[in-house]
Amino acid sequence: MTELSLVELLYTATQQVWPQAHEKNIELRVDEGMNELFDEAYVLTDGGMIVRALVNLLTNAIRYSPSDSVMEITLQVNNNQAICCIRDHGIGMTAAQLKQLNQGVNMLPAAHAKPDAAGSLSVGLIMAMTVVRHHQGQLTFHSELGLGTQVFFKLACDGD
């Protein structure tokens, strides 16, 4: 594990998904205030794993968002916690789906499972949840059907 700025990891992940967003004409609106948090948002992490988890979360947001929409990516540091929020204005989730995600219920698809309407088996989301848990972080979701989803990705900042 290495001490890295979550700001840098967020920018790296955003750059990796930019072609997908561009293809759907989705604006990736990254909070300009994130740069001011560069020195505060250091986390002890496997940078490659965190970037992959962020890419998976961003890809999901793009997949379930309509063309010509906006996604917001923000970062805050509170009480030695870095909290990233990825907000889309896509299809959202039902209360049952949201409850299952927030309870961390095992979502591995069965061998005979079929992709959902967007072509997903949720493997990327499962991977992101696993990576965040591995880093003693927290992944929570807020969503409303038809209005979109907010994903909160929380990691402890390195207090050194």
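It should be noted that the structure appears before, not after, this text.
Residues numbered from 1 in each chain as written. Predicted model: local features only at pLDDT ≥ 70, side-chain atom pairs only at ≥ 80, totals over all residues. Heavy atoms only, no water.

**Q** So what exactly am I meant to see when it comes to the overall build of the protein chain here?
**A** A tally of regular secondary structure across the protein chain gives four helices and seven strands. In sequence order, the protein chain lays out its α and β elements as β-α-β-β-α-β-β-α-α-β-β. The 160 residues of the protein chain split such that 41% are buried. For the protein chain, contacts bridging at least 24 residues in sequence account for 73% of all contacts bridging at least 6. As presented, the protein chain carries roughly 8,700 Å² of accessible surface, and 51% of it is formed by carbon and sulfur atoms. (Helix = DSSP H or I, 4+ residues; strand = E, 2+ residues; numbered from the N terminus. Buried < 20%, exposed > 50% of the residue type's maximum accessible area, 1.4 Å probe, protein only. Contact = heavy atoms within 4.5 Å. Areas by Shrake-Rupley, 256 points an atom, 1.4 Å probe, with all protein chains shown as cover.)

**Q** Can you walk me through the environment of A53 in this structure?
**A** If you trace the backbone, A53 turns up in helix α2 (residues 47-63). In the structure, A53 is positioned 77 residues away from T130 in sequence and 8.7 Å away in space, judged by C-alpha atoms.

**Q** Even after reading the chapter, I still don't get the environment of N60, so can you show me in this structure?
**A** Checked against the element boundaries, N60 lands in helix α2. N60 sits in the buried class, given a relative accessible area of 15%. With 28 residues separating them in the primary sequence, N60 and D88 have C-alpha atoms 9.5 Å apart.

**Q** Hey, could you run me through unusual backbone geometry in this one?
**A** For residues besides glycine, phi is generally negative; the peptide bonds are generally trans as well. Although it is not a glycine, N80 adopts a positive phi angle of roughly 60°. Its location among the elements puts N80 in the loop between β4 (70-78) and β5 (81-87). When its relative accessible area of 42% is taken as the criterion, N80 is described as partly exposed. The phi dihedral of Q136 falls on the positive side, at around 55°, and the residue is not glycine. Looking at the secondary structure, you find Q136 in the loop between α4 (123-134) and β6 (138-144).

**Q** Mind showing me how you'd approach the pattern of salt bridges here?
**A** Two side chains that carry opposite charge are able to pair once their charged atoms sit near each other. Summed over the entire model, instances satisfying the criterion amount to one salt bridge. In this structure, the salt-bridge partner of R29 is E27, at a minimum N-O distance of 3.2 Å. (Salt bridge = Lys/Arg side-chain N within 4 Å of Asp/Glu carboxyl O.)

**Q** What's the story with α2 in this structure? I'm lost.
**A** The periodicity of an α-helix, 3.6 residues per turn, causes residues three or four places apart in sequence to face the same way. Here α2 spans 24 Å end to end across 17 residues, near enough to the 24 Å set by a 1.5 Å rise per residue. Within α2, 13 of the 17 residues are buried, which leaves it mostly tucked inside the rest of the structure. The backbone nitrogen of G48 has a side-chain oxygen 3.2 Å away, supplied by the residue at the start of α2, namely D46. (Expected span 1.5 Å × (residues − 1). Polar contact = N/O pair within 3.5 Å; in protein donor to acceptor, adjacent residues only side chain to side chain.)

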